[in-house]
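Report on the structure
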Amino acid sequence: MTASYSPGIPPTAVVIDHDTDPVQSDTPAADPLALAAAWLPGPGEDRMLMTVSTVGLDGLPDARTTMLSDYDGERFFFHTDANSRKVAELAASPGVALTILWPGVTRQLIVQGTARRSPRTESDAAYRHRSPYLQQLAWQNTAEFAQRPLAERRARWRNFLSAHGGAEQPVFTPPEEWVGFAVTPHRLVFWVSNPDAASRRIAYTREEAGWARTTLPG
Ligand SMILES: Cc1cc2nc3c(=O)[nH]c(=O)nc-3n(C[C@H](O)[C@H](O)[C@H](O)COP(=O)(O)O)c2cc1C
């Protein structure tokens, strides 16, 4: 079997209207948090993917793709395995950069900020919103599982499905290792493509008095 993406992560094509996109506007919004809400999918819509960049334990940059689980109007959430490399890195250095690229390469949003562990009630709720495939992945995607031969991995995957009622059946309780992070931004950079003019960015930096805004070339 071949597949171009993981089940549960739909490839989403996003088409934007360049005449009305808020970042194309001659009078860009003063509040980047509201602007991010206007760009990002709402509840019940497909989740975006993003690159989460961290500072490695060796001091070098590190990066990987995760799902943007949620944006609550102030903070950007992602969920992961407590035993993962990124969690160790964030414990040592909570600064992150999130790069969100829209399918179709129409928009990019870069968020620099500080990641904090989100409470268990919140991460449990996020787990319940994942597809059955991604819920199972959270249970079985362990270092021990990854070492096993393919035939055994397939058998254990099938056994888990049988034990939990099949592929469409959600597993409502996350494993202990399921953890969430909430990123509070201090800088956001919105990039928008434009087929009729150059691409353009608007950068917002958090200051004591509010958000400072700069318009930049793409
Ligand atoms: C499309 C895609 C989506 C992914 N989503 C997640 C996710 O939401 N959470 C996660 O922990 N890993 C996710 N991964 C796996 C990560 O990219 C990464 O391999 C894993 O989290 C381990 O990263 P680390 O060793 O740097 O901590 C995803 C990978 C891909 C390709």
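Predicted, not measured: the structure shown is a model, and the values here were computed from it.

**Focus: the site of the ligand**
Around the ligand sit 12 residues, and of these Arg 64, Thr 65, His 79, Thr 80 and Lys 86 come closest. Between the ligand and Thr 80 there is a distance of 2.6 Å, counted from an oxygen atom to a side-chain nitrogen or oxygen. In the environment of the ligand, an oxygen atom lies 3.3 Å from a nitrogen or oxygen atom belonging to the backbone of Arg 85. Only β2 (61-68), β4 (76-81) and α2 (85-92) provide two or more residues apiece to the shell around the ligand. The greatest single-element share of the shell around the ligand, amounting to four residues, is contributed by β2.

**Digging into the side chain of Thr 80**
For Thr 80, the location among the structural elements is in strand β4. Overall, Thr 80 belongs to the buried group, its relative accessible area being 10%. At a separation of 2.8 Å, a polar atom in the side chain of Thr 80 contacts the side chain of Lys 86. The contacts of Thr 80, once residues within four sequence positions are left out, are Lys 86, Val 87, Glu 177, Trp 178, Val 179 and Phe 181.

**A short note on the pattern of salt bridges**
Summed over the entire model, instances satisfying the criterion amount to 10 salt bridges. Taken together, the salt bridges that share partners define one network made up of Asp 62, Arg 64, Arg 85 and Glu 89.

**Notes on the packing of aromatic side chains**
Under the counting rule described, the total for this entry stands at seven aromatic pairs. Note on Trp 39 and Trp 102: the rings are 5.1 Å apart at their centroids and 75 degrees apart in plane angle, and the pair reads as edge-to-face. You can see Trp 39 sitting in helix α1 (residues 32-39) and its partner Trp 102 sitting in the loop between β5 (95-101) and β6 (107-117), a full 63 residues away along the chain. Pairwise contacts between aromatic rings join Trp 39, Trp 102, Phe 190 and Tyr 204 into one cluster.

**Overview of the packing of helix α4 (residues 132-140) against helix α6 (residues 150-163)**
Running from N to C, α4 and α6 point in directions that differ by 120 degrees, and their axes come no closer than 11 Å. Between α4 and α6, the interaxial angle falls into the category oblique. Viewed along their axes, α4 and α6 form a crossing whose handedness is right-handed. Residues Tyr 133, Gln 136, Leu 137, Trp 139 and Gln 140 of α4 lie in contact with α6, whose contacting residues are Arg 156, Trp 157, Phe 160 and Leu 161. By residue class, the composition of the contact of α4 with α6 is six nonpolar, two polar and one charged.

**Overview of helix α3 (residues 120-128)**
Every buried residue of α3 is listed here: Ser 123, Ala 126 and Tyr 127. Buried residues of α3, viewed axially, fall in a sector of 105 degrees; they line one side. Buried residues along α3 sit against β4, α4 and β7 (178-192).

**What about the UniProt feature "domain: Pyridoxamine 5'-phosphate oxidase N-terminal" (unreviewed entry) in the chain?**
Residues annotated by UniProt as "domain: Pyridoxamine 5'-phosphate oxidase N-terminal" (unreviewed entry) correspond here to residues 48-131. Split by type, residues 48-131 is 20% helix and 50% strand. Its first and last C-alpha atoms lie 14 Å apart.

**Remarks on the UniProt feature "domain: Pyridoxine 5'-phosphate oxidase dimerisation C-terminal" (unreviewed entry) in the chain**
In the numbering adopted here, UniProt assigns the feature "domain: Pyridoxine 5'-phosphate oxidase dimerisation C-terminal" (unreviewed entry) to residues 178-216. Within the segment residues 178-216, helix and strand shares are 0% and 77% respectively, and the terminal C-alpha atoms sit 39 Å apart.

Cut-off values and rules
- Residues numbered from 1 in each chain as written.
- Predicted model: local features only at pLDDT ≥ 70, side-chain atom pairs only at ≥ 80, totals over all residues.
- Heavy atoms only, no water.
- Near = heavy atom within 4 Å.
- Polar contact = N/O pair within 3.5 Å; in protein donor to acceptor, adjacent residues only side chain to side chain.
- Helix = DSSP H or I, 4+ residues; strand = E, 2+ residues; numbered from the N terminus.
- Buried < 20%, exposed > 50% of the residue type's maximum accessible area, 1.4 Å probe, protein only.
- Contact = heavy atoms within 4.5 Å.
- Salt bridge = Lys/Arg side-chain N within 4 Å of Asp/Glu carboxyl O.
- Phe/Tyr/Trp six-rings, centres within 6.5 Å; stacked < 30°, edge-to-face > 60°.
- Axes fitted to C-alpha atoms, helices over the stretch in contact; angles between N-to-C directions.
- Parallel < 35°, antiparallel > 145°, perpendicular 65-115°, else oblique.
- Left-handed = near helix turned anticlockwise from the far one by under 90°.
- Nonpolar A, V, L, I, M, F, W, Y, C, P; charged D, E, K, R; others polar.
- Arc of directions from axis to C-beta.
- UniProt positions renumbered as here; feature names shortened; annotations may be inferred.

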